Amino acid sequence: MSAKIITIAIEKGGTGKTVTASNLAYLMGDEGKKVLCVDTDPQGNLTKALSGGLSITSDEFYGKALYNLFDGFLYHSKTRDFIMETQYENVDMIPCDAQTPRINKRIELLIGDAERLKDGDPRKVSGMGDFLYYFLNQVRDEYDYILIDTQPTRDSLLLSNAIYAADYILIPAGCEDNSEESAFRLYYECNKMKQSSTSHLMGAGVLLVNVDKSAATDKKIQEHFKEELGTSLFSVAIPTSKTVKTSISRFLPVCYMAKTQPVAKAYVKAYEELKKRLEVK
Ligand SMILES: Nc1ncnc2c1ncn2[C@@H]1O[C@H](COP(=O)(O)OP(=O)(O)OP(=O)(O)O)[C@@H](O)[C@H]1O
Ligand SMILES: [Mg+2]
């Protein structure tokens, strides 16, 4: 087993990254796949969603979160020690806590530490973007999938780490102009990255989420996405559903809480499509 690392990202805020992450994680686990979720967003929404609503300031996460893993780099921190089980079978997570925003500063200092290590030391990472990849590789053999949720931003070392770690970048975009611009920008950045000889990125794809099929603007924007991206656009779109809001307030994935709803069925299709995309090199 060597986990495929999927980073869920788009700079635009509130498009559906976390909802997509929690539902895919649940579906993967439900199918018997071992999944590790990594919450790199300081808001901690995925941590909350997978822990039944715990706040990132909860004692549960104190000393055991993503920041602590980075902080212990020079002391050989073991990724396994920062992984906790969630209430969903086969789904583990490395949680976010209140110190996550400090990771960016930490990475700036760690690169100097890494450079001073002897050649051959496994911690001798080569660039500021490679720390998360180094940490995740420690547990890669224990999982089928590693899902990384990210923050809505462009300028963050932690986000770069999440992007560089990925085998696949999943871009959840809404049917609106601003979302479209952000999605295309990231998609083209990924394509550029893929061409680099040092990149292990297999691909990137855009999943339209929160789509109102009856709205003319949504239809128009959906068509524009299709024209621009071709097969890199997921053929399934996640429909708008009031149940998503309810599921968030209950800290339950909609695929767990309301399996028969169209939105849950659409996520099942998206997962099937994602699996196919991960097979193609
Ligand atoms: N399919 C959907 N139907 C209806 N509402 C949705 C759907 N998907 C997402 N939403 C709404 O969008 C909001 C934002 O979703 P989510 O938290 O997943 O976005 P995000 O991209 O992770 O946000 P952020 O950028 O802040 O991390 C949710 O609180 C929910 O109300
Ligand atoms: Mg989010």
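Residues numbered from 1 in each chain as written. Chains lettered and ligands numbered in written order. Predicted model: local features only at pLDDT ≥ 70, side-chain atom pairs only at ≥ 80, totals over all residues. Heavy atoms only, no water.

Identification of the chain as Chromosome partitioning protein from Gemmiger formicilis is taken from an unreviewed UniProt entry.

Enquirer: I'd like to hear about unusual backbone geometry, residue by residue, with values.
Expert: Notably, Asn 210 is not glycine yet its phi reads approximately 60°, a positive angle. Within the element layout of this structure, Asn 210 appears in the loop between strand S7 (203-208) and helix H8 (216-229). If you check the backbone angles, Phe 251 has positive phi at about 55° while not being a glycine. Residue placement: Phe 251 occurs in the loop between helix H9 (242-249) and helix H10 (254-257). (Helix = DSSP H or I, 4+ residues; strand = E, 2+ residues; numbered from the N terminus.)

Enquirer: Tell me about the environment of Pro 253, and name the residues and values.
Expert: Counting through the fold element by element, Pro 253 comes out in the loop between H9 and H10. Here Pro 253 is in contact with Ser 22, Asn 23, Tyr 26, Tyr 88 and Ser 247, once residues within four sequence places are set aside. (Contact = heavy atoms within 4.5 Å.)

Enquirer: Report on the environment of Asn 137, specifying residues and quantitative values.
Expert: As for its placement among the helices and strands, Asn 137 is situated in helix H5 (residues 131-137). Linking Asn 137 and Ile 5, residues 132 residues apart in sequence, is a C-alpha distance of 9.8 Å.

Enquirer: Explain the side chain of Thr 100 residue by residue, including any values.
Expert: Of note, Thr 100 is situated in the loop between strand S4 (91-94) and helix H4 (103-115). Using a relative accessible area of 1% as the deciding quantity, one classes Thr 100 as buried. Not counting residues up to four positions away in its chain, the partners in contact with Thr 100 are Thr 40, Asp 41, Pro 42, Tyr 67 and Leu 158. (Buried < 20%, exposed > 50% of the residue type's maximum accessible area, 1.4 Å probe, protein only.)

Enquirer: Describe the packing of H4 against helix H6 (residues 157-165), with residues and values.
Expert: Put simply, H4 and H6 touch, their axes get as near as 8 Å, and they point 75° apart. The angle between H4 and H6 falls in the class roughly perpendicular. Residues Ile 103, Asn 104, Ile 107 and Glu 108 of H4 lie in contact with H6, whose contacting residues are Leu 157, Leu 158 and Asn 161. Within the contact of H4 with H6, the residues separate by chemical class into four nonpolar, two polar and one charged. (Axes fitted to C-alpha atoms, helices over the stretch in contact; angles between N-to-C directions. Parallel < 35°, antiparallel > 145°, perpendicular 65-115°, else oblique. Nonpolar A, V, L, I, M, F, W, Y, C, P; charged D, E, K, R; others polar.)

Enquirer: Give a detailed account of the pairing of S7, specifying residues and quantitative values.
Expert: Here is the key point about a regular strand: its side chains alternate between the two faces of the sheet. The element S7 is largely enclosed, with a buried count of six among its six residues. Running through helix H7 (residues 177-195), the crossover from strand S6 (residues 168-173) to the neighbouring parallel element S7 is right-handed. (Right-handed = clockwise from strand over helix to strand, strands pointing away.)

Enquirer: So what about the sheet that holds strand S1 (residues 4-8)? Which residues, and what values?
Expert: Whenever strands of a sheet pair, they do so through backbone hydrogen bonds, lying parallel or antiparallel. Strands sit in the order S3-S4-S2-S5-S1-S6-S7 across an open sheet of seven strands; the sheet is mixed. Single-partner strands in this sheet number two, and they are strand S3 (84-85) and S7. Judged from the two bridges that link them, S3 and S4 form a sheet pairing that is antiparallel. Bridge assignment links Glu 85 to a residue of S4, and that residue is Asp 92. Docked against the sheet, H6 engages S1, strand S5 (145-149) and S6, running at close to 140° with respect to S1. (Pairing = 2+ DSSP bridges.)

Enquirer: Summarise the pattern of salt bridges; cite the residues concerned and give the values.
Expert: A complete count under the given rule lists 13 salt bridges for this structure. The partner of Lys 275 in a salt bridge is Glu 31, with the nearest N and O atoms 2.5 Å apart. With Lys 275 in helix H11 (residues 262-279) and Glu 31 in the loop between helix H1 (17-30) and strand S2 (35-39), this residue pair connects regions lying 244 residues apart in the sequence. By relative accessible area, which is 17% here, Lys 275 ends up buried. Residue classification places Glu 31 among the partly exposed residues on the basis of a relative accessible area of 38%. Two residues, Glu 108 and Lys 105, come together in a salt bridge whose shortest N-O distance is 3.4 Å. Residue Glu 108 and its partner Lys 105 are located together in helix H4, separated by three residues, close to a single helical turn. The partly exposed category is assigned to Glu 108, whose relative accessible area is 41%. If you follow the salt bridges from partner to partner, you end up with Glu 11, Arg 154, Glu 181, Arg 185 and Glu 189 in one network. (Salt bridge = Lys/Arg side-chain N within 4 Å of Asp/Glu carboxyl O.)

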